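As a plain string of letters, each chain reads:
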Amino acid sequence: MPLQPLTFTPLFMERIWGGRRLETLFGKPLPADVRIGESWEIVDRPEAQSIVRGGDWAGRTLHDLWMHERSEVFGEMPDAPRFPLFLKLLDAEEKLSLQVHPPAPIAAKLGGEPKTECWYVAHAEPDAELYVGLKPGSTRASFEAALKAGTVADQIHRLPVRARQTMFLPSGRVHAIGAGNVLVEIQQNSDTTYRVFDWNRKAEDGQPRTLHLAESLASIDFDDFEPDLISPAGESLVHDSLFRMDHWDLRTERVAAPRGEFALVVCLIGQLDCAGQSLRPGEVALLPAGLADRMLRPTAPQTSLLRIRAGQVPTGS
């Protein structure tokens, strides 16, 4: 059976801070009258699965492919119980809670999972911001005192942001997405988040949202001051041991990745084609490692995309 580019049915997640811009910007078929904050595009979790939505493997889950079609789809990846990456689109109509993901040693002690992630800003309102890391002079003691006083936002470094910018977030970096951002997020396959502060926001039942103060204080890197946005090295945005991400302005056809290596492709602007699979803005495809036709071809002016690959790949790729 010849391999084809794989697309999956998105999983839409209602969030108190979400909105409708995944529909207005990307044409996602959102459920009516619901605030959607996340579209899970590539996920292999016990509680959620990406399902192939067309072609010869329609109906199969990402986990099924990981377990039974490993070399053909993913190439020579390090063994793991699940596909190691998780890709989302995020719509922050309102700002998210201030939160942190635990580093691996802390996660093991707390019974959670480590989570390093990266945000690519697909759209930003004129006053959009990101909250990342600490202001100089902040300490664990001053942070704890500010939590008690309700002024912890004064301890957090804030950055204005615009479309086409990128922020890398290693586990341990305290952060929040500000209102007015639409992001592409690539991350470790983890769903452990410790909520530090939620701007005194109430849940749907009128009660304060649950916080995880002890876990957060154990996880935050209190030496992480004023992190900056990524300064791209040409087309390369991130080259980490977990994942690599490039931004391409696709003016002519290009090879998506070497044979034997899979790639995730996120169309940002315009339209592109790979082996007969068309991608429009906000659409994602997994190009299998064994795919014969590996060319990405622009089919609309000013086409741009993100190409995401695993951080650990065979030597020579």
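Everything numeric in this text was worked out from a predicted model, so none of it was measured.

Cut-offs used in this document
Residues numbered from 1 in each chain as written. Predicted model: local features only at pLDDT ≥ 70, side-chain atom pairs only at ≥ 80, totals over all residues. Heavy atoms only, no water. Pairing = 2+ DSSP bridges. Helix = DSSP H or I, 4+ residues; strand = E, 2+ residues; numbered from the N terminus. Phe/Tyr/Trp six-rings, centres within 6.5 Å; stacked < 30°, edge-to-face > 60°. Buried < 20%, exposed > 50% of the residue type's maximum accessible area, 1.4 Å probe, protein only. Lys NZ or Arg CZ within 6 Å of the ring centre and 35° of its normal. pLDDT = per-residue confidence, 0-100. Contact = heavy atoms within 4.5 Å. Arc of directions from axis to C-beta. Core = buried A, V, L, I, M, F, W, Y, C linked by side-chain atoms within 4.5 Å.

Q: Any chance you could break down the pairing of strand E14 (residues 236-239) for me, citing the residues and the numbers?
A: Relative to strand E15 (residues 243-249), E14 runs antiparallel, the two sharing three bridges. Residue Val-238 lies in a different strand from E15, and its bridge partner there is Met-245. Where E14 folds back onto E15 in an antiparallel hairpin, the turn is made up of three residues.

Q: Which residues make up the packing of aromatic side chains, and what values do they have?
A: Applying the stated criterion across every chain yields a total of ten aromatic pairs. Relative to Phe-86, the ring of Trp-40 lies with its centre 4.9 Å away and its plane at 85 degrees, an arrangement referred to as edge-to-face. Of the two residues, Trp-40 sits in strand E2 (residues 36-42) while Phe-86 sits in strand E5 (residues 85-92), which places them 46 residues apart along the sequence. Across this residue pair, the class does not change: Trp-40 and Phe-86 are buried. Grouping aromatic residues by their ring pairs yields a cluster made of Trp-66, Phe-74, Phe-83 and Phe-262. Over the face of the ring belonging to Trp-199 we find Lys-95, whose NZ or CZ atom lies 4.1 Å from the ring centre.

Q: Requested: an account of the confidence of the model for the protein chain, with residues and values cited.
A: Residues of the protein chain with pLDDT of at least 70 account for 97%, and the chain-wide mean is 95. A low-confidence stretch, residues 313-317 stays under pLDDT 50, and its non-local contacts, those more than four residues away or across chains, total five contacts.

Q: Account for unusual backbone geometry, naming residues and giving values.
A: A positive phi is found at Glu-226, a non-glycine position, where the angle reads about 45 degrees. Unlike most non-glycine residues, Ala-275 shows phi in positive territory, near 50 degrees. Mapping Ala-275 onto the fold places it in the loop between strand E18 (272-274) and strand E19 (277-279).

Q: An account of helix H5 (residues 140-149) is requested, with residue identities and associated values reported.
A: For an α-helix, 3.6 residues make a turn, and residues three or four places apart therefore share a direction. What H5 keeps buried is the set Phe-143, Ala-146 and Leu-147. Along the axis of H5, the buried positions cluster into a sector of 105 degrees, meaning they face one direction only. Opposite the buried face of H5, at more than 90 degrees from it, the exposed residues are Ala-141, Lys-148 and Ala-149. In this structure, the buried side of H5 is in contact with strand E8 (129-134), strand E9 (156-160), strand E13 (194-197) and helix H6 (213-219). Among the residues trailing H5, Gly-150 stands out with phi positive, at a value near 75 degrees.

Q: I'd like to hear about the nonpolar core, residue by residue, with values.
A: Phe-74, Leu-87, Ile-186, Met-245, Phe-262 and Leu-286 are the most contacted members of the largest nonpolar core, which totals 39 residues. In contact with Met-245, not counting residues within four places along its chain, are Cys-118, Tyr-120, Thr-166, Ile-186, Glu-235, Ser-236, Leu-237, Val-238, Leu-306, Arg-307 and Ile-308. One finds Leu-134, Phe-143, Val-152 and Tyr-194 within the second-largest nonpolar core, a separate group that totals 18 residues.

Q: An account of the sheet that holds strand E16 (residues 254-255) is needed here, citing residue identities and associated values.
A: Pairing is antiparallel across the open sheet formed by four strands, whose spatial order is E16-E21-E18-E19. Both edges of this open sheet fall to E16 and E19, since each of them pairs with a single strand only. Across two bridges, the pairing between E18 and strand E21 (residues 295-298) is antiparallel. Across the sheet, Asp-273 pairs through a bridge with Arg-297, a residue of E21.

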